[in-house]
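Okay, here's what each chain looks like letter by letter:
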Amino acid sequence: MLRKLKRTNKFLVEPPAVATGDIAFNLIVFFLVCASIQPDSGHKQTIPRSETQNEKKENEPQNIEVQLTRTSVLINGATVAIPDLAGQLRSLFSGKTLPEDRIVVVKSQKDTPYRHWIDVTTRIEDAGGVITLQIEEERQVQLPNE
Amino acid sequence: MKISRRPTRIEIPNTAMGDIAFNLLIFFVILARAQDDSHLHWDPAYAEKLASAGQSSVSVLVDSENKLYLNGQEIGISQLSDRIEELLGKAPAGKRTVWLKVHQEILAQRFEPILEAVSEAGGDLVHILEDKKKPSK
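Residues numbered from 1 in each chain as written. Chains lettered and ligands numbered in written order. Predicted model: local features only at pLDDT ≥ 70, side-chain atom pairs only at ≥ 80, totals over all residues. Heavy atoms only, no water.

### With respect to a negative patch on the surface
Residue and element names in this part refer to chain B. A cluster of acidic side chains, namely Asp82, Glu85, Glu116 and Glu120, defines a negative patch on the protein surface. Counting residues per element, the ones that place at least two in the negative patch are α2 (77-88) and α3 (108-120). Tracing the sequence through the fold places Asp82 in helix α2. Residue classification places Asp82 among the exposed positions, given a relative accessible area of 52%. (Patch = residues over 30% accessible without salt bridge, like charges linked within 9 Å, V, L, I, M, F, W, Y side chains within 5 Å. Areas by Shrake-Rupley, 256 points an atom, 1.4 Å probe, with all protein chains shown as cover. Salt bridge = Lys/Arg side-chain N within 4 Å of Asp/Glu carboxyl O. Lys, Arg positive; Asp, Glu negative; His and termini not counted. Charge placed at Lys NZ, Arg CZ, Asp CG, Glu CD. Helix = DSSP H or I, 4+ residues; strand = E, 2+ residues; numbered from the N terminus. Buried < 20%, exposed > 50% of the residue type's maximum accessible area, 1.4 Å probe, protein only.)

### Quick look at the interface of chain B and chain A
One widely used convention gives an interface's size as the accessible area the parts lose upon coming together. Listed per partner, the contact involves 40 residues of chain B and 34 residues of chain A. Per-residue buried area on chain B facing chain A is highest for Glu112, Ser119 and His127 of chain B; these three make up 17% of the total on that side. Applying the counting rule to chain B against chain A returns 2 salt bridges. For Asp126 of chain A, the salt bridge identified is with Lys49 of chain B, shortest N-O distance 3.9 Å. Counting the contacts that link chain B with chain A gives 14 residue pairs in polar contact (both at pLDDT 80 or more). Elements with a minimum of two residues in the side of chain B that touches chain A: α1 (17-32), β1 (46-47), β2 (51-52), β6 (97-102), α3 and β7 (124-128) of chain B. Each residue belonging to the side of chain B that touches chain A can be placed in one class, and the counts come to 22 nonpolar, 8 polar and 10 charged. (Contact = heavy atoms within 4.5 Å. Buried area = accessible area lost by both parts, 1.4 Å probe. Polar contact = N/O pair within 3.5 Å; in protein donor to acceptor, adjacent residues only side chain to side chain. Nonpolar A, V, L, I, M, F, W, Y, C, P; charged D, E, K, R; others polar.)

### Side note on a nonpolar patch on the surface
A contiguous nonpolar patch, built from Ile23, Leu27, Phe30 and Phe31 of chain A together with Phe22, Leu25 and Val29 of chain B and spanning about 660 Å² of accessible area, is present on the exposed surface. Elements represented by at least two residues in the nonpolar patch include exactly α1 (20-36) of chain A together with α1 of chain B. When residues of the nonpolar patch are assigned to their parent elements, the largest contribution, 4 residues, is made by α1 of chain A. Its location among the elements puts Phe22 of chain B in helix α1.

### Focus on unusual backbone geometry
Residue and element names in this part refer to chain B. Backbone geometry places Asn66, a non-glycine residue, at a positive phi of 70 degrees. Even without glycine at this site, Asn71 takes up a positive phi of about 50 degrees. On the accessibility criterion, Asn71 (15% relative accessible area) is buried.

### A short note on the packing of aromatic side chains
Going through the model one piece at a time under the given rule, you end up with 2 aromatic pairs over all chains. Ring plane angle 75 degrees and centroid distance 5.3 Å describe the contact between Tyr114 of chain A and Phe111 of chain B, whose orientation is recorded as edge-to-face. Of this pair, Tyr114 of chain A sits in helix α3 (residues 114-126) while Phe111 of chain B sits in helix α3, placing the two residues on different chains. This pair shows no difference in class: Tyr114 of chain A is buried, exactly as Phe111 of chain B is. On the numbers, 5.4 Å between centres and 70 degrees between planes, the contact of Trp117 of chain A with Phe111 of chain B is edge-to-face. Placement of Trp117 of chain A in helix α3 and of Phe111 of chain B in helix α3 is noted, with the two residues assigned to different chains. The rings of Tyr114 and Trp117 of chain A together with Phe111 of chain B are connected pair by pair, giving a single aromatic cluster. (Phe/Tyr/Trp six-rings, centres within 6.5 Å; stacked < 30°, edge-to-face > 60°.)

Here it is, written out as structure tokens:
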């Protein structure tokens, strides 16, 4: 007589609970590191090397001058609304294909905040302008004692 | 009668070796981030059409208290250009990226000499900004 053998030995496999704390700790550290090394986003800007200019040369081509105050922008001395800046510059650049013809001299007042400066300079670059900074140098001159 | 001592075998548990190695690895990865300026407080300015800032070994930061830092260490404006030049060394063009992180309210009289110093040192300037479309706060 054939008798069906019933398997009685059941294997009990349980995940080792001892390492749960370690696993949780490692996961926390891993995600913390991942969160802290998020890639930054930025805006590349090419600014030419500085040179000292004492006097304006006569034969020098006239560059567009953008002046920045704390809240406003002036193109060649005329106030422009910030949203219209790119459009006005594009019309001034029309017919100018060479980068040296599209130089924009940016002059900022001392109290111009960085957020305003970045907003304006990115708009100039979007319009196709090449930014050059004009920074006034402060010099202390000692007068001889008389 | 002399009772001989049975030597007890003590073994270091090697179950946790993997975990220990992993934790050490993470620890040294964090330490290796030499230019850590994450402890400094600054709010970036906003702009559109931003790209990835890429990799850089030089990070210049002006915090909300108007203090200047180079790779997390406070520095004076007069030393900045030379120190950047030193850090960039003879790196070829395209690998001379300098990250500039300026608090959005800092004034031109402070940040313009920094731009000049980076340009003097021959660095490729990348302004670290926040995307206008998705502000973090």
